[in-house]
Structures are given as structure tokens and as C-alpha cells.
Amino acid sequence: MYHYTSPEGLLGIIANNEVWMSDYSFLNDAEELTYGLAVAKQRFEAAAAEIPDAADVLTRLGNPRDLSDIRVCVGSFSMVGDSLSQWRAYGSLAIGFQVGGLMFGYNNSVRLDRVIYDREVQNKLIDLYAHLAASAYAKDKEGSHASKAESLYARGGEELLEMTAFFKHPTFADEHEARLVHIEDRKVYENLRIERPPHRFRTAGGLLVPYVTTKDLVTLPGKYPDRLPIAEIIIGPTRHADVLQRGIERLLASYNYDSVKILRSTAPLRS
């Protein structure tokens, strides 16, 4: 999978051996996260109408508690390594990461997966979630123990976010995005007495953007890689590509990246 960036971005990733994950509310999709939650709300309401015995809990699952205590940070990648739309939007380089294992040494607050753009698939996933919750609720009411469906609601929407954070509007489908998502519930961290990752800030487009790094999210010693699993770097349509390639080669050599391929975009775009 590929992370599109600038030469400055490549330098930071190589030199610091980390990838940045930005707060979701500062990403380029104005409906980031809110789109997926709106899909969920609609489908839960439909399920509540279908299953009146579980209508109360399904309605509440579709309207999770205030999410202001939950921090969501996203690292974006694409499954396509030579995309004109990505070159235009994000920079002249695409860093190709080899997928597998603990790529960034992340903990169980982080999930890596492809983004789902197909509305029908999104609906079916939420419908499955809703019907499982309704089934659990009905079954648990027969016994004396706490309801599984109620416990889902008690998590305040975090479990729902673990699904809907990978939903995007179909108009973004040409990005072919995969994403690394960190979901951090302040109350959970405080209850478990776990130190929360730091709040870092960077500037972008005249804004201050909160972020965390992949290093910030590692909780077990020795799990973070000495070097990130970079397999190739593609140089996009840009002037002075030859000079840029020589600089990349020297940068990789100085940080002991011995087997990274450097390729050129095939896009016939005059920069």
C-alpha cells in the first residue's frame, strides 16, 4: 500500500522512522466519520422498526453518547501506486509499504484495513451488527446476566466507530484508500490507568492539525521496527526527477534501506 507525500514528507518518515496519523476532523473529507455514523443511524432505525422487541436498544446504538471523549486519528494510504488524482492532491512521491505483520508495531487501539465505499456493503455490515445486537438482547433478557447489547451501548459508540471509521462516501472511491485508525476513549484509558498518547500538532494550509505518530501508539517494548517496511518509492510526474531520484537514493543508503526499489510514474502528465 502507498502513502503519497512530498520530498519533505519522505524525509520526515525516513529520518524519524514513523508515520503521522492526523485527527479525523482535519482530513480532506468534510464528512469524515460523520458519514459512517449517519449510515449507521439510518440502518439502526430501520432495524428497530423491524424488531420492535429490541427497538429501544437499537435506537440507542444508532445514537451513541457524546463522542467528544473519543479521539480518532487516521493515517491514509492507497492501494494504487501511480494515481493522477493522488499525485495532484498529496505530492510527488508514493512510498510503497509491504503489508504484513506488525508493520508499525501498533497496539490494540489501532486497526489497519481498506476503506469501504460501496453503500450497499456499508448497509449490510451495519444491518448484521444491528441484528446480532438484537439477537443478543433477546437472548440475554432470558437470563439474569447483563445484556451484551446494553454493554455495546455502554462503550459509547467506540465499537461502532471501529466499523464506520472505514466508511467513506462513494465519490471518494478513486482514492482506493486503506487506512490506519487509532481510536482512543479517554474514559477507558483513565479507568485502566494507561498513559494516553501525546497530543502533537503540525501546521498545514494555515491550520494547526493535531496528530499522533505510529511510535506514540506502541505499548510493548521491542515491537517497533528498526526500519519501516518500505518496499518501493515511486516518483510522480515532476520536474528534475533525475535529481530527486539521486537524493532519494542517498537518503535511503544513509538510513540503511538496502533493497528499496525506486520507480517512475507512467502518467503522461507535464508538470
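All values reported here derive from a predicted model rather than from experimental measurement.

### Thoughts on the overall build of the chain
Secondary structure summary: the chain contains nine helices and ten strands in total. Split into buried and exposed, the 271 residues of the chain put 47% on the buried side.

### Let's talk about the layout of surface pockets
Roughly 930 Å³ of volume is contained in the largest pocket. In terms of lining residues, the largest pocket is bounded by 34 residues, among which His3, Tyr4, Ser22, Tyr90 and Arg202 are the most central. When residues of the lining of the largest pocket are traced back to their parent elements, those giving at least two are β1 (2-5), α1 (7-16), β2 (20-23), β3 (70-78), α4 (84-90), β6 (177-185), β7 (200-204) and β8 (207-213). The residue makeup of the lining of the largest pocket, split by class, is 13 nonpolar, 13 polar and eight charged.

### Some remarks on the nonpolar core
Among the nonpolar cores identified, the biggest contains 31 residues, and Phe97, Phe104, Leu228, Ile230 and Ile248 are the most heavily contacted of them. The set of elements that each furnish at least two residues to this core consists of α1, β3, β4 (93-97), β6, β9 (230-235) and α9 (241-254). Residue contributions to this core peak at five residues, all from α9. Every residue in contact with Ile230, bar those within four places of it in the chain, is listed here: Ile14, Ile95, Gly96, Phe97, Tyr257 and Val260. Judged by nonpolar contacts, the second largest core, of 30 residues, contains Leu37, Ala40, Ala134 and Ile183.

### Regarding the packing of aromatic side chains
Under the definition given, this model contains four aromatic pairs. With 4.9 Å between their ring centres and 70° between their planes, Tyr4 and Trp87 make a pair best called edge-to-face. One end of the pair, Tyr4, is in strand β1; the other, Trp87, is in helix α4, and 83 residues separate them in sequence. The class of Trp87 is buried, set by a relative accessible area of 7%. Across from the ring centre of Phe172, 4.4 Å away, lies the NZ or CZ of Lys168, which sits over that ring.

### Focus: the pattern of salt bridges
According to the stated counting rule, one finds twelve salt bridges in the structure shown. A salt bridge links Arg186 to Glu190, with the nearest nitrogen and oxygen atoms 2.9 Å apart. Residue Arg186 and its partner Glu190 are located together in helix α8 (residues 186-191), separated by four residues, close to a single helical turn. Accessibility expressed as a relative area gives 44% for Glu190, which makes it partly exposed. Between Asp242 and Arg264 there is a salt bridge whose closest N-O contact spans 2.5 Å. Here Asp242, found in helix α9, pairs with Arg264, found in strand β10 (residues 261-264); they are 22 residues apart in sequence, far enough to count as distant.

### Remarks on α9
Compared with an ideal rise of 1.5 Å per residue, which puts 14 residues at 20 Å, α9 spans 20 Å between its outermost C-alpha atoms and is within 8% of the ideal. For α9, the complete set of buried residues consists of Ala241, Leu244, Gln245, Ile248, Leu251 and Leu252. Around the axis of α9, the buried residues are gathered within 125° of arc, so they sit on the same side. Exposed residues on α9 whose side chains face more than 90 degrees from its buried face are Arg250 and Ser254. At its buried positions, α9 is contacted by α1, β4, β9 and β10. Positive phi appears at Asn256, one or two residues downstream of α9, with a value of about 60°.

### Comments concerning the packing of α1 against α9
Between α1 and α9, whose axes approach to 11 Å, the crossing angle comes to 5°. With respect to their mutual orientation, α1 and α9 come out roughly parallel. Between α1 and α9, the contacting residues are Pro7, Leu10, Leu11 and Ile14 on the first element and Leu244, Ile248, Leu251 and Leu252 on the second. For the contact of α1 with α9, the per-class residue count stands at eight nonpolar, no polar and no charged.

Basis of the calculations
- Residues numbered from 1 in each chain as written.
- Predicted model: local features only at pLDDT ≥ 70, side-chain atom pairs only at ≥ 80, totals over all residues.
- Heavy atoms only, no water.
- Helix = DSSP H or I, 4+ residues; strand = E, 2+ residues; numbered from the N terminus.
- Buried < 20%, exposed > 50% of the residue type's maximum accessible area, 1.4 Å probe, protein only.
- 1 Å grid on protein atoms, 1.4 Å probe; cavity = no way out; pocket = protein on both sides within 12 Å on 5 of 7 lines; lining within 4 Å.
- Points joined across faces, edges and corners; volume = space filled by probe spheres on them.
- Nonpolar A, V, L, I, M, F, W, Y, C, P; charged D, E, K, R; others polar.
- Core = buried A, V, L, I, M, F, W, Y, C linked by side-chain atoms within 4.5 Å.
- Contact = heavy atoms within 4.5 Å.
- Phe/Tyr/Trp six-rings, centres within 6.5 Å; stacked < 30°, edge-to-face > 60°.
- Lys NZ or Arg CZ within 6 Å of the ring centre and 35° of its normal.
- Salt bridge = Lys/Arg side-chain N within 4 Å of Asp/Glu carboxyl O.
- Expected span 1.5 Å × (residues − 1).
- Arc of directions from axis to C-beta.
- Axes fitted to C-alpha atoms, helices over the stretch in contact; angles between N-to-C directions.
- Parallel < 35°, antiparallel > 145°, perpendicular 65-115°, else oblique.

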